[in-house]
Amino acid sequence: METPQLSSLYQQLILEHYRNPRNKGELEEKTVEIHMANPVCGDEIRLQLRIEGDRIEDVKFLGSGCSISQASVSMMTIRLKGSSLDQADELAKRFTDMMHGDESAVREKSLGDLRALQGVSKFPVRIKCALLGFDALQEALKKEAGVAEEGPN
Ligand code: FES
């Protein structure tokens, strides 16, 4: 699928992340890994996090797919490195709000480059693309919370 018509500046930023994805590769010593696929197109992301205490010490991803899904996860990893689990959860919520048309989220500095994806919210079939990495993140956070509740064996 082609990238929808976004402002050219934002489109350039999306394509730049797509062509030069940040934090792409296999993460050594990951503590959680989530595989997420879009069943409609088969695009996929494997998100890997190293969580220590309540902090994301490192993050990488593997995957293939459209420019929006891959740029979104690339931008997401930049925001996640070094953040607390609460901050990561908040980031996922704010980004999801933005994708569902909440314009106040666009002014959210914590979203960084992710704000370039705001225009995607006008293209309903592409929202799932932008959310693929964040769906993986939310699964990872749920999994981590489950581990924390069970406690160490
Ligand atoms: Fe598959 Fe975008 S077209 S995730």
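Residues numbered from 1 in each chain as written. Predicted model: local features only at pLDDT ≥ 70, side-chain atom pairs only at ≥ 80, totals over all residues. Heavy atoms only, no water.

S.K.: Could you clarify how one ought to interpret the packing of helix 1 (residues 8–19) against helix 2 (residues 67–80) in this entry?
M.R.: What describes two packed helices is the angle between their axes and the distance between those same axes. In contact at an axis separation of 8 Å, helix 1 and helix 2 are set at 80 degrees when each is read in the N-to-C sense. The orientation of helix 1 relative to helix 2 falls into the category roughly perpendicular. Where helix 1 approaches helix 2, its residues L13, I14, L15, H17 and Y18 are matched on the opposing element by S67, Q70, A71, S74, M75 and I78. For the contact of helix 1 with helix 2, the per-class residue count stands at seven nonpolar, four polar and no charged. (Axes fitted to C-alpha atoms, helices over the stretch in contact; angles between N-to-C directions. Helix = DSSP H or I, 4+ residues; strand = E, 2+ residues; numbered from the N terminus. Parallel < 35°, antiparallel > 145°, perpendicular 65-115°, else oblique. Contact = heavy atoms within 4.5 Å. Nonpolar A, V, L, I, M, F, W, Y, C, P; charged D, E, K, R; others polar.)

S.K.: Help me understand helix 2, please; the structure alone is not making it clear to me.
M.R.: In an α-helix there are 3.6 residues to a turn, and that puts residues three or four apart on one side. Here helix 2 is 14 residues long and its end C-alpha atoms lie 20 Å apart, about the 20 Å a rise of 1.5 Å per residue gives. Within helix 2, twelve of the 14 residues are buried, which leaves the element mostly enclosed by the surrounding structure. Listing the buried residues of helix 2 in full gives S67, I68, S69, Q70, A71, S72, V73, S74, M75, M76, T77 and L80. In this structure, the buried side of helix 2 is in contact with helix 1, strand 2 (44–52), strand 3 (55–64), helix 3 (85–99) and helix 4 (124–150). Of the residues trailing helix 2, G82 is marked for its positive phi of about 85 degrees. (Expected span 1.5 Å × (residues − 1). Buried < 20%, exposed > 50% of the residue type's maximum accessible area, 1.4 Å probe, protein only.)

S.K.: Explain the pattern of salt bridges to me, please; I cannot follow it from the model alone.
M.R.: Should the charged atoms of two oppositely charged side chains come close, the side chains can pair. Throughout the structure, instances matching the rule amount to eleven salt bridges. R46 is the partner of E33 in a salt bridge, and the nearest nitrogen-oxygen pair spans 3.5 Å. Here E33, found in strand 1 (residues 32–37), pairs with R46, found in strand 2; they are 13 residues apart in sequence, far enough to count as distant. Judged by its relative accessible area of 32%, R46 falls in the partly exposed class. One salt bridge connects E108 with R94, and the closest N-O pair in it is separated by 2.9 Å. Residue E108 is located in the loop between helix 3 and helix 4, and its partner R94 is located in helix 3; the two are separated by 14 residues in the primary sequence. When its relative accessible area of 25% is taken as the criterion, E108 is described as partly exposed. A relative accessible area of 14% means that R94 is categorised as buried. Connected through salt bridges with shared partners, the residues R94, D97, D102 and E108 form a single ionic network. (Salt bridge = Lys/Arg side-chain N within 4 Å of Asp/Glu carboxyl O.)

S.K.: It is not clear to me how the side chain of T77 should be interpreted in this structure. Could you clarify?
M.R.: You can see T77 is positioned in helix 2. At 2.8 Å, the side chain of T77 and the side chain of N23 are in polar contact. Once you skip the residues sitting within four places of it in the chain, T77 turns out to touch R22, N23, V59 and F61. (Polar contact = N/O pair within 3.5 Å; in protein donor to acceptor, adjacent residues only side chain to side chain.)

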